[in-house]
Amino acid sequence: MPELHPLQPEATWTALVTTDADWDEADPALLAAMFHQLVLVRAFEEYVLELAAAGLVHGPAHSSIGQEGGAVGSVLALAPGDEINGSHRGHHQFLAKALQHVAPKGFDLTAELPDEIRTVLLRTLAEICGLARGFSHGRGGSMHLQWKQAGAMGTNAIVGGGVPLAAGFAWAGRQAGTDAVAVTYFGDGAANIGSTLETFNLAAAWRLPVCFFVENNQYAVSTSVAEATGEPRLSARGPGFGIASWRVDGMDPLAVHLAMREAVAHMREGRGPTLVEADTYRYFHQNGPFPGSAFRYRSKQEEAQWRARDPIELLAGHMIRRGLLTEAARDASVAGAKSAMEAAGEMLLEPKPGGKPGERRIRPAEWPDPAFVDVGVRGDLSEFDGARPGGDDVAVHEVKFIDAVAEVMRRRMTADDRIVVMGEDVHRLSGGTNGATKGLKDAFPDRILGTPISENAFTGLAGGIALDGRFRPVVEFMYADFMWVAADQLFNQVGKARHMFGGDGPVPLVLRSKVATGSGYGSQHSMDPAGVFATAPGWRIVAPSTPYDYVGLMNAALRCEDPVVVIEHVDLYNSTGPGPVDDYDYHLPVGRAAVRRGGEAVTVVAYLSMVAEALAAVAESGVDAEVIDLRWLDRASLDWETLGASVRKTNRVLIVEQGPVGTSYGGWLSDEIQRRLFDWLDAPIMRVTGGEASPSISKVLERAAYARREEVAEALRRAGEA
Ligand SMILES: Cc1ncc(C[n+]2csc(CCOP(=O)(O)OP(=O)(O)O)c2C)c(N)n1
Ligand SMILES: [Mg+2]
């Protein structure tokens, strides 16, 4: 018989339970701060429900009533420099952090509230109602509350979507030399999703000062925790990843506070991430003013049992017992909070003309101007003021493409210590799988970060760094197809962040993404991501075709305050072409294409390695084609001046790309060209793409699946005959 030795995880897993002695010893100022915050947050949430019931909140308003103890207890353990984010159910945490920011010494609801607090209430309520004076000018609403100055970095409508971002806040705080921590709040449902679990791993591997705060309110919509997992004690997940974890009664704000103090101390001491599970309950259904029992997934009796453990009642009871609060002062505080909310409501609402008695509407002047709809999808590019463009002064010679890739990054990292590069194996193998980061780990040991294989986590971490703003992350994807793995972070988080939070916040993230068509890596490693990124409004896209362009475009990408995907092609890596002799500081301006060959017969539009394929095809065909290398591919950065001038001359367009027709970039572009330049076209826009399926591994089938010089030459012949 083998011997069986029970094993224990290294990380601690503790249940923290308060005793009467804890309540007796608790600092009266702390209890008072908790009490007033709790009462104000509760009044806020009750007022929101009132507005929701009256149809004045457009979209969901996920109530936190019942859960305030976790938010207030934990936020009061934080310092001003600490950053938090949260989920769709985040009013309470947002308010706690914002109130702590404007009133760090606490406030008294029985007295006149300071203007700063009234403004927080008003702007938060306005945001939830989708109004112009909200923190995000009404773009974010209930689920996207952000006030960066207060360290409230944004709540999130994607379950688990905010978790990787918080790892980025934690990384930035540490790298900046502070002892700041980050806290990410999420629900029991989010404890099962990949982005959360990936981030547990990444944060533990890198010992990041981030607290995973699980608000276990027992349900994800109507699905109970026990139904959704084999280990309903959600804090058990932490030790498996090496994360010190606490379980605490979330209805007891002091217990949450004491657990959080331990967790914060652990993180400030540099001992890595923490997990705090607070068992709690939302008194209402997922959203709206009805209880969960109305939807039959739980009983009235269960709801009554939890309500009997109300966090405000518990705290007020202890304070009254200790003589720190009177019943009259408690009631006056509740009344003060209610009237503060009514005053906020007065600012936003007015009687509905012709409505029933008491019926209200939003004051028309409070709505955002519809013309604001697309403002701030991307930045205004003012960061390029004073940027030095490339030109004749840049001495050029023949260089290997991949060497220019590594060299420009070395140059920028030397000049700008905010730049940090991350991705799988970027720190080894002489510069990752292709040599793109060659020599950089030795030069910048703490800024070249080899990541675990977890595209959602490390892309999100980079997104968090970009939102934080102190550093400029560069993410490398080994293959472009992995964008689907990281899709939430790329498209829902990074791409939408600026616009969704009001249009003003920069998101300076560079993604380097490699296209490997033709290398025999098959269906899941060969895609060109341009067509998909072109559908994502926040992103800028560059596709360099020469070493000279790569340097200028990478410099532009790294200066840009918007997320930029730099698409690279394996065919180019080992090619040589014109590149700078020693000047790696020039920029190729946003929105400027290059005419690689002048011609009269047809405009051939290409990018990346297809530029050289197109030029070769033109030479072979004898057609007098003009070949345009787009360089910038996204909707906002396309060079319509160059494209327009060419089409007005040739009256014909051929768009060439290598990849499959399904995710084609050219489909989008041809629609755009015909909208803008239809009057100048003498023939339908022609396109060269690959086949329907992604390329296979078999060399013959792979070649048949994508387009190259031969297909372009064939299209040119057809154009010549037409
Ligand atoms: C990825 C994703 N899947 C599903 C949803 C729809 N949805 C929104 S909230 C929610 C329940 C989340 O439960 P939990 O994480 O426990 O948070 P709680 O609502 O209880 O605070 C669901 C399924 C979503 N927003 N995002
Ligand atoms: Mg839940």
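If you're wondering where the values come from, they're calculated on a predicted model, not measured in any experiment. Along each chain, the written sequence defines residue order, and numbers are assigned to residues from 1. Here every chain gets a letter starting at A, and every ligand a number starting at 1, in the order they are written. For this predicted model, a pLDDT threshold of at least 70 governs which residues receive local features, and a threshold of 80 or more governs which side-chain atom pairs are given and counted, while totals over whole chains, interfaces and linings are taken from all residues. Neither water nor hydrogens contribute to the side-chain values; these are computed over all heavy atoms in the structure.

Asks: Can you walk me through the site of ligand 1 in this structure?
Replies: In this text, near means that some heavy atom of the residue lies within 4 Å of the molecule or strand in question. The environment of ligand 1 is formed by 15 residues, the closest being H88, R89, A157, G189 and N217. Think of a polar contact as two N or O atoms within 3.5 Å of one another; within protein, one of them needs to be a possible hydrogen donor and the other a possible acceptor, and neighboring residues in sequence only count if both atoms come from side chains. At 3.0 Å from an oxygen atom of ligand 1 is found a main-chain nitrogen or oxygen belonging to A190. Take Y219: an N or O atom from its main chain is 2.8 Å from an oxygen atom of ligand 1. Here, Shrake-Rupley sampling with a 1.4 Å probe gives the accessible areas, and only protein chains in the shown set may cover a residue. Contact with the protein chains hides 71% of the accessible area of ligand 1, taken as 580 Å² for the molecule alone.

Asks: Explain the UniProt feature "domain: Transketolase-like pyrimidine-binding" (unreviewed entry) in the chain here, please?
Replies: With numbering aligned to this structure, UniProt lists the feature "domain: Transketolase-like pyrimidine-binding" (unreviewed entry) at residues 399-575. The annotated region residues 399-575 carries 38% helix and 18% strand content, and the separation between its end C-alpha atoms amounts to 8 Å. UniProt positions are given in the numbering used here, feature names are shortened, and annotations may be inferred rather than shown by experiment. The secondary structure listing takes helices from DSSP runs of H or I that are at least 4 residues long and strands from runs of E that are at least 2 residues long, numbered from the N terminus.

Asks: Help me understand the packing of aromatic side chains, please; the structure alone is not making it clear to me.
Replies: Aromatic rings in a pair are described by how distant their centres are and how their planes are angled relative to each other. Note on aromatic pairs: the rings of Phe, Tyr and Trp (six-membered ring only in Trp) are paired at centre separations within 6.5 Å, and the planes decide the class, stacked below 30 degrees, edge-to-face beyond 60, tilted for the rest. According to the stated counting rule, one finds 19 aromatic pairs in the structure shown. Three or more aromatic residues link up through ring pairs in this structure, and these residues are F186, F200, F212 and F241. Charge-over-ring placement is defined geometrically: NZ (Lys) or CZ (Arg) within 6 Å of the ring centre, and within 35 degrees of the ring normal. Residue placement shows R307 over the ring face of F284; its charged tip is 5.6 Å from the ring centre. Over the face of the ring belonging to Y479 we find K514, whose NZ or CZ atom lies 4.3 Å from the ring centre.

Asks: It is not clear to me how the sheet that holds strand β19 (residues 594-597) should be interpreted in this structure. Could you clarify?
Replies: The strands making up a sheet are joined through hydrogen bonds of the backbone, oriented either antiparallel or parallel. Strand order in this open sheet of five strands is β19-β21-β20-β22-β23, and the pairing throughout is mixed. Lying at the two open borders of the sheet, with one neighbouring strand each, are β19 and β23 (686-688). The average angle at which neighbouring strand axes cross in this sheet is 25°, direction not considered. Between any two strands, at least two bridges found by DSSP are needed for them to pair. Inspection of the sheet shows strand β20 (residues 602-606) paired to strand β21 (residues 625-629) by five bridges, in the parallel sense. Along β21, the bridge assignment pairs V604 with V627. Lines fitted to C-alpha atoms define the axes here, with helix axes fitted over just the stretch in contact, and angles between the N-to-C directions of these axes take values from 0 to 180 degrees.

Asks: Please explain the domain arrangement of the chain as it appears in this structure.
Replies: The extent of an interface is frequently quoted as the accessible surface area lost upon association of the parts. What the domain assignment lists for the chain is domain 1 (13-93 + 142-321), domain 2 (382-580) and domain 3 (595-721). Boundaries between domains were set according to an automatic or database domain assignment. With centres defined by C-alpha atoms, the gap from domain 1 to domain 3 works out at 53 Å.

Asks: Honestly, the pattern of salt bridges in this entry has me stumped. Any pointers?
Replies: Any two side chains of opposite charge can pair if their charged atoms end up close together. Any carboxyl oxygen of Asp or Glu that lies within 4 Å of a side-chain nitrogen of Lys or Arg is treated as forming a salt bridge with it. Following the criterion strictly, the structure yields 47 salt bridges and no others. Between E476 and R512 there is a salt bridge, with its nearest N and O atoms 2.6 Å apart. On the criterion of sequence distance, the pair formed by E476 in strand β14 (residues 472-477) and R512 in strand β15 (residues 510-515) is long-range, its members being 36 residues apart. For the residue pair E476 and R512, the accessibility class agrees, reading buried in each case. Of the charged contacts, one joins R709 and E620 as a salt bridge, the two residues approaching to 3.2 Å between their closest N and O atoms. Of this pair, R709 sits in helix α25 (residues 709-721) while E620 sits in helix α21 (residues 610-621), and the two are 89 residues apart along the sequence. Among the charged side chains, a network of salt bridges with common partners joins E620, R703, R709, E710 and E711. Three labels apply to residues, based on accessible area from a 1.4 Å probe with only protein chains included: buried if under 20% of the type maximum, exposed if over 50%, partly exposed otherwise in between.

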